[in-house]
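# Geometric and topological summary
Spelled out from the first residue to the last, the chains are:
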Amino acid sequence: MNPQANLIFIASLLLGTTITISSNHWIMAWTGLEINTLAILPLISKSHHPRAIEAATKYFLTQAAASALVLFSSMTNAWHTGQWDITQLTHPTSCLILTSAIAMKLGLVPFHFWFPEVLQGSPLTTGLILSTAMKLPPMTLLYMTSWSLNPTLLTILAILSAALGGWMGLNQTQIRKILAFSSISHLGWMAIILIYNPKLTLLNFYLYAVMTTTVFLTLNTTKVLKLSTLLTAWTKAPSLNTMLLLTLLSLAGLPPLTGFLPKWLIIQELTKQDMAPAATLISLLSLLSLFFYLRLAYCTTITLPPHTTNHMKQWRTNKPTSTAIAILTTVSVMLLPASPMILTIV
């Protein structure tokens, strides 16, 4: 793609995200979401492969439907209450429609079907944007309206997301699809705590974004897209693959790595809110996703020769590891000891 065009699309993404995050009026928030959708479409379909075109079409149709529902929800609320302010969403029907719209935007179950297909059809860099930056504006809208949403509905969506995200990722061989189901599973953890402690939702999202960015950038460096390629990637950059192993275990939420911090805090908060059964259930469901993270981790570094794959070994590269990946890996792995400081900020 032309660098100037690329720059325009990235700038539009930043503009759309900034407009949505900083707006108080529903129409401005909707405008930001639309700018975001239109800016990401060329980035998804830039390879001109039929799968990429299909992914862009699916993404456009889903996001257009979700944006229409956001607009309909805000108009219904304005009709009944006379308020266009995002924080003044009080009408029950509007709250219900908005929850469905944001779930569709984020890829929460049962509106998740588009996300793995779109991620599979996109390049790794675009997949990274879809998994992290594109989820920030809808998360902000959820954060701003959290006090008026239905707790029962959000808890059901969260537990279903954690269950299906883990279950459907089990037999995948394409890494982008595994990361898509990982994202759905993490969204479940974010949604379940939203009503009770919205700041924990944001903390979980930020840490998830850091760890996912590390994984995507590492895979982009080693040019790995499926498990069979990952089996032989350790010969190409052994140190990078070791860092990928630690990041994947952190993403799975294993102590003493960073990914354990949000899960620990969420379970603690749910227990305080007398929701111990929900906390137990979502913790057990995270074991499903732990299985495919361990599978990825095994394929990353622990598969040593002789093994049965017929792939040729790759030449070891002398390129130094990117500074960004090094910093992100450090944050993804070593942040747990700093949790008291993080809690004072949150």
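Residues numbered from 1 in each chain as written. Predicted model: local features only at pLDDT ≥ 70, side-chain atom pairs only at ≥ 80, totals over all residues. Heavy atoms only, no water.

The next point concerns the nonpolar core. Core analysis: the largest hydrophobic core is formed by 89 residues, its most contacted members being Ile40, Tyr59, Ile192, Leu219 and Leu230. Here this core gets 12 residues from one element, more than from any other, and that element is helix 9 (residues 175–193). Residues within four places of Ile40 in sequence aside, it is in contact with Leu13, Tyr59, Thr126, Ile129, Leu130 and Met134. In this structure, Leu245, Leu257, Ala297 and Val333 belong to the second largest nonpolar core, which totals five residues. (Core = buried A, V, L, I, M, F, W, Y, C linked by side-chain atoms within 4.5 Å. Buried < 20%, exposed > 50% of the residue type's maximum accessible area, 1.4 Å probe, protein only. Helix = DSSP H or I, 4+ residues; strand = E, 2+ residues; numbered from the N terminus. Contact = heavy atoms within 4.5 Å.)

Attention shifts here to the environment of Ala101. Here Ala101 shows up in helix 4 (residues 92–106). For the pair Ala101 and Phe72, spaced 29 residues apart in sequence, the C-alpha separation works out to 9.7 Å. Setting aside residues no more than four positions away along its own chain, Ala101 makes contact with Ala66, Leu69 and Val70.

It is worth spelling out the packing of aromatic side chains at this point. The tally for this structure, following the rule as stated, stands at five aromatic pairs. On the numbers, 5.6 Å between centres and 65° between planes, the contact of Tyr59 with Trp114 is edge-to-face. Pair noted here: Tyr59 is in helix 3 (residues 50–81) and Trp114 is in helix 5 (residues 114–121), with a separation of 55 residues, a long-range link. Residue Trp114 is classed as buried on the basis of its relative accessible area, which comes to 8%. By the ring-pair criterion, three or more aromatic residues cluster together here, those being Tyr59, Trp114 and Phe115. Just above the ring of Phe115 sits the side chain of Lys135; from NZ or CZ to the centre is 3.9 Å. Looking at Lys263, its charged tip hangs above the ring of Trp189, at a distance of 5.1 Å from the centre. (Phe/Tyr/Trp six-rings, centres within 6.5 Å; stacked < 30°, edge-to-face > 60°. Lys NZ or Arg CZ within 6 Å of the ring centre and 35° of its normal.)

Right, let's talk about the domain arrangement of the protein for a bit. Annotation of the protein at the domain level lists domain 1 (1–139) and domain 2 (150–307 + 318–345). Each partner contributes to the interface: domain 1 provides 25 residues, whereas domain 2 provides 32 residues. Summed over the three residues of domain 1 that lose the most area to domain 2, namely Val109, Gln120 and Leu124, the buried surface amounts to 28% of that side. Taken together, domain 1 and domain 2 are joined by one salt bridge. A salt bridge links Lys177 to Glu117, with the shortest nitrogen-to-oxygen separation between them at 3.4 Å. In this assembly, domain 1 and domain 2 are joined by five residue pairs in polar contact (both at pLDDT 80 or more). Counting residues per element, the ones that place at least two in the side of domain 1 that touches domain 2 are helix 4, helix 5, helix 6 (124–131) and helix 7 (136–144). (Domains from an automatic or database assignment. Buried area = accessible area lost by both parts, 1.4 Å probe. Salt bridge = Lys/Arg side-chain N within 4 Å of Asp/Glu carboxyl O. Polar contact = N/O pair within 3.5 Å; in protein donor to acceptor, adjacent residues only side chain to side chain.)

Looking now at unusual backbone geometry. Cis geometry marks the peptide bond from Val109 to Pro110; its omega dihedral reads 5°. Following the sequence through the fold, Pro110 ends up in the loop between helix 4 and helix 5. A cis geometry characterises the amide bond from Pro255 onward to Pro256, with omega recorded as 5°. Looking at the secondary structure, you find Pro256 in the loop between helix 12 (238–251) and helix 13 (260–272). For His48, which is not a glycine, the phi torsion comes out positive at approximately 60°. Considering the arrangement of structural elements, one finds His48 in the loop between helix 2 (26–44) and helix 3.

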